[in-house]
Amino acid sequence: MTTGAVPEAESGRIELAIGGMTCASCANRIERKLNKLEGVTATVNYATEKAKVEFPAGVSPEDLVATVEAAGYTAELPAPPKGEGEGDAGGEPDDGLRTLRQRLVMSVVLAVPVIAMAMVPALQFDNWQWLSLTLASPVVVYAGWPFHKAAWTNLRHGAATMDTLVSVGTLAAFGWSLWALFFGTAGETGLKHGFEFSMTRSDGSMNIYLEAASGVIAFILAGRYFEARSKRRAGAALRALLELGAKEVSVVRDGREERIPVEKLAVDDVFVVRPGEKIATDGVVTEGSSAVDASLLTGESVPVEVAPGDAVVGATVNAGGRLLVRATRVGADTQLAQMARLVEDAQTGKAQVQRLADRISGIFVPVVIALAVATLGFWVGTGSGLAGAFTAAVAVLIIACPCALGLATPTALMVGTGRGAQLGILIKGPEVLESTRAIDTVVLDKTGTVTTGRMALVDVHTADGVDEADVLRLAGALENASEHPIAQAIAKGATERVGTLGTVEDFANVEGLGVQGIVDGHGVLVGRPQLLAEWSQHLTAELERAMAEAQSQGRTAVAVGWDGEARAVITVADQVKPTSAEAIGQLRALGLRPVLLTGDSETVARTVADAVGIDEVIAEVLPQDKVDVVKRLQGEGRTVAMVGDGVNDAAALAQADLGLAMGTGTDVAIEASDLTLVRGDLRAAADAIRLSRRTLRTIKGNLFWAFAYNVAALPLAATGLLNPMIAGGAMAFSSVFVVSNSLRLRRFKALNGDTAPAPAAAAPARPEVEPAR
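Calculation rules
- Residues numbered from 1 in each chain as written.
- Predicted model: local features only at pLDDT ≥ 70, side-chain atom pairs only at ≥ 80, totals over all residues.
- Heavy atoms only, no water.
- UniProt positions renumbered as here; feature names shortened; annotations may be inferred.
- Helix = DSSP H or I, 4+ residues; strand = E, 2+ residues; numbered from the N terminus.
- Buried < 20%, exposed > 50% of the residue type's maximum accessible area, 1.4 Å probe, protein only.
- Contact = heavy atoms within 4.5 Å.
- Areas by Shrake-Rupley, 256 points an atom, 1.4 Å probe, with all protein chains shown as cover.
- Core = buried A, V, L, I, M, F, W, Y, C linked by side-chain atoms within 4.5 Å.
- Salt bridge = Lys/Arg side-chain N within 4 Å of Asp/Glu carboxyl O.
- Pairing = 2+ DSSP bridges.
- Axes fitted to C-alpha atoms, helices over the stretch in contact; angles between N-to-C directions.
- Phe/Tyr/Trp six-rings, centres within 6.5 Å; stacked < 30°, edge-to-face > 60°.
- Lys NZ or Arg CZ within 6 Å of the ring centre and 35° of its normal.
- Polar contact = N/O pair within 3.5 Å; in protein donor to acceptor, adjacent residues only side chain to side chain.
- Expected span 1.5 Å × (residues − 1).
- Arc of directions from axis to C-beta.

Per an unreviewed UniProt entry, the protein goes by Cation-transporting P-type ATPase B and derives from Actinomadura montaniterrae. According to UniProt, the comment filed for the protein under the heading Catalytic activity (unreviewed entry) is "ATP + H2O = ADP + phosphate + H(+)". Its UniProt record gives the protein the following Subcellular location (unreviewed entry) comment, quoted word for word: "Cell membrane".

In C-alpha cells, the structure reads:
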C-alpha cells in the first residue's frame, strides 16, 4: 500500500518493494538475510514482490535496503501517496513484463531459424553456421541475461536453481560453439550436421550447439512470460478493493450541498446519499430511512433497513430513499480499508511454493557440475589430451540442459488452463497446482456460492377461497412500483407465474411497513402485518401460522390484503443452487471435508447445510472474521481450500492454501483467489481440483522424462561418445514426448459432462431475518 515512508519507519514497520527475484527460493533467501539482523522480523512474498519488515530502533530502513542489495537483489522504500495526474503505481510491473515480452519475441524470432538449420540438412547451405552464430548470439547474451544474472547471484550464495542450470548449459553450449568455429574445424565452408548414429570419440572441434543454446532460452522465456503475467495479478485484489468505494460525495455545509472528492471527507462531516448511490464512508444515519444493499461487502442477499441512529458502511449501496449520514471513519480507518489490509496480510503470509523444477535443479545442477569436473579430470589423467577431455566435459554440461525442461511446465499449464477455460475454470499459475494435491478441507461461503445470492419468490399461502393468481397479479403490480429488493423479487416472480400484472394508481410507500395503492380498482396493501392491521385487516390463524413458519426458517414473509381483508402471505428467500448437493458429493469423492461458513444464524445455516449434505457448519461469522476461521482450521493441521464470491471472502480466499472464486461474484474475490470458476456452478470447484491435480501430475511426469532422457545420455557424454546427432535426437525426442504428454490433458472431462452455464436455481434456501419494510 502506498503509505509514506516516514510514519512507517517511526512505527518500526515498513514495506519494501523487492526486485530481481526469479523464484520462491529467492524470496526465502532474502527473508533469511533480513531476519539475521538483530531484532528484525521479515516476511517476503514472491508473488507480490514485497517484503513486510518489523525492525527495532537501532536498525534504519536504509540498513534493510542495503541488506537486500547485498544479497544480490534490489529494494525500494515505500513511495509517498501520489496526487492526481502523477501516474499509476502499476506502471513498474507493466515495464518489467514489457521487457520480458521483448526478450521472448526476439529469442523466438532468432532461435527458430537457428534450430531449423541445425536439424534440417537441406537448409545447411555453405557457411550456414556463421549465420547461426549471428542469430544465436543476441539470444544467448541479451535474452538469456536474466538467467545468467540469477545464476551469478545463486552462485554467490552457494545455491542452485533452474536459472543456474539454464545459464551453465547455454553458456557451455555457446562457448564451445565459439571455440569450434574460431579454433576448430566447425567454421569451414561445407560443414554439415550429418545424421549418423555411430558413437565414436572425437575432439569436438567440428561440433556446434547453437540450436541448444538459443532454443532452451526461447522455450524457458516463454514459460517465464506466461507465469509473470499471472503473478502480476497478485496485487490486483487490492486495486479492485480501492475501486469499490465512491469517488465523490455531496457534503452538507452551511445548509448547502457541496460536491467534493471522497478523499477530502472528514470525520463528523454530514453527507447526502441518494437512491442508487454508494455510501461514501462509514457513518451513522442522521436523517431518512432506506434499504441498504450490503451484499458487496457482506455477501448476504437480504437488504438491511436503516433509520436515524443506524450505522452504515462505506461502499454499500443505498437501494431506497434519501439519507443524510454523519461520517464516523474515513480513509484507512474504514471497513473497506481494513478489508484491503486483511487481503494484503493474507497474501503476504501465504506460503510460497517453490517450483518443482527449482527443487530438482537444486540437486541436479551440483551433480552435473561435479560430473563434468570429474570427466575432465579423468580424461586428462588418462593422457587423452586436453582437447578431448574438454570436449567430454562440455558435452556433459550441454546434454544436461534439455529443451524439454523449458517445455515441461508451460506446455502442461497451457493445455491444462486451455481445457480449464473451456470448462469454466481459470488457473492463475503453476504454484496454484502444487497447492491442490494436499487439500483436505474445503470451506464454502453460503450466499452466492452454495445459494444463488438473489432473493426470489418461493411460495404463496392464500386464505380460503382466494385464488393464488389474483394474489400475484395484484401484489406483483403494487410491488413492481417499488424499488425495494424484496418488492422486486415478488414482482419478478409474479410476472413469471401469471404474466401480465395489474395497473397501479395512488401508489405510496409506508415507511418501515410496506406499500399501498389501488390496483385494477382494488385497494391493495403489501408489507408487514402491522400495515394491514392499521386498516383492520388482520391475518387469519392459518396465515399467521404460515408467516410464523416462514420466519422460523429464516425466510422473508410479507402479508397481502385488499378490499378490507387479509388475503395471503408471500414468502421470498435466497435459493440453493440445484447443482450444489451434487457438487458436495463430488468434493467428498475427492477426499475433501466440506465446511459451510456464513454470517447467517445457526438455524438458517443448518437448513442449507442439510439440503446439500454438509455436516460441519460455522455460522454467525462476521465478514472480517472469516479469515480467522481459515487460520484456525489451518492451525488444526488442515490444508484448506476456500470457495467464495464476495468482497468479505477476499481475505479468506487469499489466506486459504487454495482460493476458488465464483466468477459470478465480485472482482475483488476473483483477484484474491487462485482459481476462478467462471460459471456459478459449484460443481466446477470439484472439476477445478481434479484438473489441477491432473495437470500437476502431468508436469511432474514431464519433468521426470525431461531429466531422464538427459541423465541417460550423461554417461555417453562423459565417455566422449556423444555426437551432435545423438544430442539433437535426444533433445528432440524428449521435447516431442513432453508436448505429447501435455496434450493428453485435452481429453480431461468434467464430471457432469456439461460446459454450458448452470440453469437458474430452484430449491429454497433462507436469508437471515425479515427486514423492515
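(A) The overall build of the protein, seen in detail. Counting its secondary structure elements, the protein contains 27 helices and 28 strands. Of all 773 residues assigned to the protein, the portion counted as buried reaches 54%. Put simply, 71% of the contacts in the protein that link residues at least 6 apart link residues at least 24 apart. A total of about 31,600 Å² of accessible surface is found on the protein, and carbon and sulfur atoms cover 57% of it.

(B) Local environment of the nonpolar core. Formed by 52 residues in total, the largest nonpolar core has its most connected members in Ile208, Leu210, Ile217, Leu221 and Val396. Those elements that provide at least two residues to this core are α4 (91-119), α5 (128-143), α7 (162-182), α8 (210-231), α12 (356-381), α13 (386-399) and α26 (683-718). In terms of nonpolar packing, the next biggest core, distinct from the first, is built from 46 residues, Ala605, Met662, Leu675 and Ala688 among them.

(C) Fine view of the pattern of salt bridges. Summed over the entire model, instances satisfying the criterion amount to 23 salt bridges. Among the ionic pairs, Arg13 bridges to Glu54, the shortest N-O distance being 3.3 Å. On the criterion of sequence distance, the pair formed by Arg13 in strand β1 (residues 13-19) and Glu54 in strand β3 (residues 50-54) is long-range, its members being 41 residues apart.

(D) View of the sheet that holds strand β14 (residues 425-427). Taken in spatial order, the seven strands make up an open sheet running β14-β27-β26-β25-β15-β23-β24, and their pairing is mixed. The open sheet has two edge strands with one neighbour each: β14 and β24 (616-618). Going across the sheet, the axis of each strand differs from the next one's by a mean of 20°, ignoring polarity. In terms of strand pairing, strand β15 (residues 441-445) meets strand β23 (residues 593-597) through five bridges, oriented parallel. Opposite Val442, over in β23, you have Pro594 as the bridge partner. The strands touched by helix α23 (residues 626-635) are β15, β23, β24 and β25 (640-644); relative to β25, the strand with the most contacts, the crossing angle is about 155°.

(E) Region of interest: unusual backbone geometry. Positive phi values are uncommon outside glycine, yet Asn127 reaches one of about 65°. Relative to the assigned elements, Asn127 resides in the loop between α4 and α5. Accessibility expressed as a relative area gives 31% for Asn127, which makes it partly exposed. Backbone geometry places Asp563, a non-glycine residue, at a positive phi of 50°. Relative to the helices and strands, Asp563 is located in the loop between β20 (556-562) and β21 (565-573). A relative accessible area of 42% means that Asp563 is categorised as partly exposed.

(F) Inspection of the pairing of β3 at higher detail. Because side chains alternate across β3, one face comprises the buried residues Ala51 and Val53, and the other comprises Lys50, Lys52 and Glu54, none of which is buried. Note that β1 and β3 share five bridges and pair antiparallel. In the sheet register, Ile14 faces β3, and the bridge partner there is Val53.

(G) Summary view of the UniProt feature "transmembrane region" (unreviewed entry) in the protein. Sequence positions flagged by UniProt for "transmembrane region" (unreviewed entry) are, in local numbering, residues 104-122, 128-145, 165-186, 206-226, 360-380, 386-409, 702-719 and 725-743. Secondary structure across residues 128-145 divides into 94% helix and 0% strand, with the first and last C-alpha atoms of the span separated by 25 Å.

(H) Spatial organisation of the sheet that holds strand β12 (residues 317-318). Pairing in this open sheet of three strands is antiparallel, and the strands run β10-β9-β12 from one edge to the other. Each edge of the open sheet is held by one strand with a lone partner, namely β10 (304-306) and β12. As defined by bridge partners, strand β9 (residues 290-293) adjoins β12 across two bridges and the pair is classed as antiparallel. Considered in β12, the bridge of Val292 is made with Asn318.

(I) Expanded view of the packing of aromatic side chains. Within this structure, the stated rule accounts for three aromatic pairs. When the ring of Trp130 is compared with that of Phe182, the centres are 5.3 Å apart and the planes differ by 75°; the resulting orientation is edge-to-face. On the criterion of sequence distance, the pair formed by Trp130 in helix α5 and Phe182 in helix α7 is long-range, its members being 52 residues apart. With relative accessibility at 26%, the residue Trp130 sits in the partly exposed group. Given a relative accessible area of 52%, Phe182 falls into the exposed group. Between Phe378 and Trp379 the ring centres are 5.1 Å apart and the planes differ by 80°, which places this aromatic pair in the edge-to-face class. The ring of Tyr142 carries the charged tip of Arg103 above its face, separated from the ring centre by 4.4 Å.

(J) The arrangement of the environment of Arg259 in detail. The topology assignment puts Arg259 in strand β6 (residues 256-261). For Arg259, a relative accessible area of 46% gives the class partly exposed. Non-local contacts of Arg259, meaning those with residues more than four positions away in its chain, are made with Glu248, Val249, Ser250 and Glu277. A distance of 2.7 Å separates polar atoms of two side chains, one belonging to Arg259 and the other to Ser250.

(K) Focus on the pairing of strand β7 (residues 270-273). By the bridge criterion, two bridges tie strand β5 (residues 248-253) to β7 in an arrangement that is antiparallel. Bridge assignment links Ser250 to a residue of β7, and that residue is Val272. Across four bridges, β7 lies against strand β13 (residues 323-329) in antiparallel orientation. Following the sheet pairing, Phe271 is matched in β13 by Val325.

(L) Highlighting helix α20 (residues 541-552). Its 12 residues place the ends of α20 16 Å apart at the C-alpha level, agreeing with the 16 Å of an ideal helix rising 1.5 Å per residue. Taken together, the buried positions of α20 are occupied by Leu543, Ala546, Met547 and Ala550. Taken around the axis of α20, the buried residues stretch over an arc of 95°, which confines them to a single face. Residues of α20 that are buried make contact with β16 (456-462), α19 (529-534), β20 and β21. Among the residues trailing α20, Gly554 stands out with phi positive, at a value near 85°.

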